[in-house]
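If you want the building blocks of each chain, they are given just below.
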Amino acid sequence: MITIFDYGAGNLQSVQNTLAEVGAAFKVIDKASEIGRATKIVLPGVGHFGQMIRALDAMKAREPLLAAIRNGVPLLGICLGLQAMFASSEEAAQLPGLGLFDGTVRRFGEGLRVPHIGWNQLELRGESKLLKNIGPRPYLYFANSFFCPEVDSTVAVCRYGVAFTAVLERDNVFGVQFHPEKSGPTGLRIVRNFVDL
């Protein structure tokens, strides 16, 4: 069963609707003690990096999440859920992220409309389980003011002023900057691919 971890994010219902649409069994939890029973975890996210990290730490969820990952439980971070996987973010520089990936999440530069919002195209960088059977340059729906750097685990980038990580995969850790739950049939396919892992 897929577990959606509710730390107070605002887009839980749309994630639930998408999982239901692809026929996945899921439950929503809001206690760190329940993370250890998850067989797959979705970490959604909209809003502020600092608010999310403070919420995770206040709920004492950081170590159970990291322990689940070490134990091989597949994790999908969506939007801010992806950004939280990095070491830090300019949005709340004093707070450490989950530290699964090196690098700092940065704000889009001068001259760009922020937030980056709407449909944009991916450029694939390598083999991807999440992007299986969706074509080489799909369009997905983005809504982000900050972006993740490219890392060794980046399997697709998006360009908005700079090329940034749109999808990363490393072992059982998966992250997407776009919102698959708002990305039509292509988003549904990506969620289905995670469910089928």
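Thresholds applied
Residues numbered from 1 in each chain as written. Predicted model: local features only at pLDDT ≥ 70, side-chain atom pairs only at ≥ 80, totals over all residues. Heavy atoms only, no water. Helix = DSSP H or I, 4+ residues; strand = E, 2+ residues; numbered from the N terminus. Rg over C-alpha atoms; globule rule 2.2 N^0.38 Å. Buried < 20%, exposed > 50% of the residue type's maximum accessible area, 1.4 Å probe, protein only. Contact = heavy atoms within 4.5 Å. Areas by Shrake-Rupley, 256 points an atom, 1.4 Å probe, with all protein chains shown as cover. Lys, Arg positive; Asp, Glu negative; His and termini not counted. Charge placed at Lys NZ, Arg CZ, Asp CG, Glu CD. Arc of directions from axis to C-beta. Pairing = 2+ DSSP bridges. Phe/Tyr/Trp six-rings, centres within 6.5 Å; stacked < 30°, edge-to-face > 60°. Disulfide = S-S within 2.5 Å.

1. Considering the overall build of the chain
Within the chain, the secondary structure is distributed over 5 helices and 12 strands. For a compact globule of 197 residues, the expected C-alpha radius of gyration is about 16 Å, and the chain comes in at 15 Å, within 12% of that figure. Taken along its principal axes, the extent of the C-alpha atoms in the chain is 45 × 40 × 30 Å. Counting the 197 residues in the chain, one finds 54% classified as buried. Here the analysis covers contacts within the chain between residues at least 6 apart in sequence; of these, 69% occur between residues at least 24 apart. Taken as a whole, the chain presents about 8600 Å² of accessible surface, with 50% of it coming from carbon and sulfur. Where the 20 positive side-chain charges of the chain centre and where its 18 negative ones centre are 2 Å apart.

2. Examining helix α1 (residues 12-21)
Burial in α1 covers these residues: L12, V15, Q16, T18 and L19. Looking straight down α1, one finds its buried side chains confined to an arc of 160°; they lie on one side. Phi turns positive one or two residues past the end of α1, at G23, with a value near 80°.

3. Some remarks on unusual backbone geometry
Peptide bonds are trans in most cases, and residues, glycine excluded, mostly fall at negative phi. Backbone torsion omega between V114 and P115 reads 5°, so that peptide bond is classified as cis. Of note, C79 is a non-glycine position whose phi angle comes to about 55°, a positive value. Relative to the elements of secondary structure, C79 occurs in the loop between β4 (75-78) and α4 (80-83). Residue C79 is classed as buried on the basis of its relative accessible area of 6%. The phi torsion at D171 lies on the positive side, around 55°, for a residue other than glycine.

4. Things to note about the pairing of strand β10 (residues 154-160)
In terms of burial, β10 is a largely internal element, 6 of the 7 residues being buried. Where strand β7 (residues 116-124) and β10 come together, 3 bridges link them in antiparallel fashion. The residue of β10 that forms the bridge with L124 is A156. In sequence, β10 turns back onto strand β11 (residues 162-170) through a hairpin of 1 residue, with G161 there showing a positive phi of about 80°.

5. Here's the deal with helix α2 (residues 49-58)
Among the residues making up α2, those that are buried are F49, G50, M52, I53, A55 and L56. In this structure, the buried residues of α2 make contact with β1 (2-5), β3 (40-43), α3 (62-70), α4 and β5 (86-89). Backbone geometry just downstream of α2 places K60 in the positive-phi region, at approximately 55°.

6. Structural notes on the packing of aromatic side chains
Using the criterion set out here, one finds 9 aromatic pairs in the structure. Consider the rings of W119 and Y141, whose centres lie 5.9 Å apart with planes at 75°: the pair is edge-to-face. With W119 in strand β7 and Y141 in strand β8 (residues 139-144), this residue pair connects regions lying 22 residues apart in the sequence. Taking the centre distance of 6.2 Å and the plane angle of 50° together, the rings of F147 and F164 count as tilted.

7. Looking at the sheet that holds β5
Read across the sheet, 3 strands follow the order β5-β6-β9 without closing on themselves; strand pairing throughout is mixed. What marks the edges here is a single partner per strand, and that holds for β5 and β9 (146-147). Relative to β9, strand β6 (residues 101-107) is paired through 2 bridges, and the arrangement is antiparallel. Bridged to R107 within β9 is F146.

8. A look at the state of the cysteines
Inspection of every chain in the model, using the stated rule, returns 0 disulfides. This cysteine, C148, is not joined by any disulfide, and C79 carries the nearest cysteine sulfur, 8.9 Å off. In this structure C148 comes out as buried when scored by relative accessible area, which is 0%. Its sulfur unpaired, C158 is 12 Å from the next cysteine sulfur, which belongs to C79.

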